[in-house]
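# Residue-level structural notes
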Amino acid sequence: VDGRAGWRFDNGIAANARALHVIDALESSNERRTRTAGLSLSGPLPGGLVPGATGYWDTFYSDARNEARTVDTDTLSSRLDLNFPAGRDLLIRFGANFLEFNDDNARDSTSYGVTLAADRNFSLEGWSGVISPEVHFRDRSGLSALEETGAGISLVAHRGGHAVDLSAGIGYFDARTA
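Analysis parameters
Residues numbered from 1 in each chain as written. Predicted model: local features only at pLDDT ≥ 70, side-chain atom pairs only at ≥ 80, totals over all residues. Heavy atoms only, no water. Helix = DSSP H or I, 4+ residues; strand = E, 2+ residues; numbered from the N terminus. Rg over C-alpha atoms; globule rule 2.2 N^0.38 Å. Buried < 20%, exposed > 50% of the residue type's maximum accessible area, 1.4 Å probe, protein only. Contact = heavy atoms within 4.5 Å. Areas by Shrake-Rupley, 256 points an atom, 1.4 Å probe, with all protein chains shown as cover. Lys, Arg positive; Asp, Glu negative; His and termini not counted. Charge placed at Lys NZ, Arg CZ, Asp CG, Glu CD. Pairing = 2+ DSSP bridges. Salt bridge = Lys/Arg side-chain N within 4 Å of Asp/Glu carboxyl O. Phe/Tyr/Trp six-rings, centres within 6.5 Å; stacked < 30°, edge-to-face > 60°.

### As for the overall build of the chain
Helix and strand counts for the chain stand at zero helices and 10 strands. In the chain, the succession of α and β elements from N to C terminus is β-β-β-β-β-β-β-β-β-β. Taken over C-alpha atoms, the radius of gyration comes to 21 Å for the chain, far larger than the 16 Å a tight globule of 178 residues would show. By the burial criterion, 22% of the 178 residues in the chain qualify as buried. Across the chain, the fraction of contacts at a sequence separation of at least 24, relative to all contacts at a separation of at least 6, is 40%. When the accessible area of the chain is evaluated, it comes to approximately 11600 Å², of which 59% is carbon and sulfur surface. Side-chain charges of the chain comprise 17 positive and 24 negative groups, with the mean position of each set lying 4 Å from the other.

Put into structure tokens, the structure is as follows:
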């Protein structure tokens with residue numbers, strides 16, 4: 001069973017809800033049930049604190065279990081993206097995510113990350129495009145624990161029938177054992 005509903009409010013914010021219930025191996029002695037529910041919001045930030053600012057938030061919860069309990073998991077995930085115009089040719093982007101995975105038969109894990117980036121439009125010698133620097137941090141605990149810090153930059157430009165797409169990044173990875 002899959003259900004979805006959405007609504008766009010007068011202020012431009014869109015809300016979408018979803019639910020899913022799946023039963024696998026229904027005819028067996030070890031059927032598996034998966035249930036998922038989620039909510040998304042997107043549109044202009046309410047209150048008008050930052051004119052032109054927009055956001056997107058998505059969260060969901062899912063559990064999966066079978067009769068023999070060899071599968072017994074819960075997952076909680078949430079993501080937030082915010083965009084802030086800073087003048088005519090500059091957009092500041094912020095992103096954050098969180099994921100928690102609980103497995104009663106194995107090791108649990110939790111991860112989160114944040115990203116700060118900017119998109120700068122440009123025109124130079126007939127070329128036009130966007131240059132985008134970013135910094136990010138990610139942390140994952142549990143099995144395959146890892147901490148990552150990094151920075152990157154990308155450039156997308158075009159002139160006439162020609163296009164250039166370049167990106168570079170550097171990261172520091174610290175694998176940990178829990």
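Once you've had a look at it, read on.
### Focus: the pairing of strand β8 (residues 127-142)
When strand β7 (residues 109-124) meets β8, the two strands line up antiparallel, connected through 14 bridges. Bridging across to β8, S109 finds its partner in G142. Connecting the antiparallel pair β7 and β8 is a turn made up of two residues, with E125 showing a positive phi of about 55°. Two strands pair when backbone bridges link them, and β8 and strand β9 (residues 146-159) are joined in this way by 13 bridges, in the antiparallel orientation. From the neighbouring strand, S132 faces β9, where its bridge partner is S154.

### Considering the pattern of salt bridges
Under the counting rule described, the total for this entry stands at 13 salt bridges. A salt bridge links D81 to R79; the nearest nitrogen and oxygen atoms lie 2.9 Å apart. Given a relative accessible area of 22%, D81 falls into the partly exposed group. The class for R79 is partly exposed, based on a relative accessible area of 34%. Residues D89 and R120 are paired through a salt bridge, measuring 3.6 Å at the closest nitrogen-oxygen approach. One end of the pair, D89, is in the loop between β5 (72-85) and β6 (90-103); the other, R120, is in strand β7, with 31 residues separating them in the sequence. When salt bridges with common partners are traced through the structure, they connect R35, D63, R65, R69, D72 and D74 into a single cluster.

### Points about the environment of R35
Examined against the element boundaries, R35 turns out to sit in strand β3 (residues 32-44). Sequence separation of R35 and A19 is 16 residues, and the distance between their C-alpha atoms is 7.5 Å. Beyond its immediate sequence surroundings of up to four residues, R35 is in contact with L20, H21, Y61, S62 and D63.

### With respect to the packing of aromatic side chains
Applying the stated rule across the entire model yields one aromatic pair. Ring geometry for Y112 versus F137: centroids 6.1 Å apart, planes at 45°, classification tilted. Taken together, the residues span a long stretch of sequence, with Y112 in strand β7 and F137 in strand β8 at a distance of 25 residues. Its relative accessible area of 40% is what places Y112 among the partly exposed residues.

Structural measurements only, silent on function.
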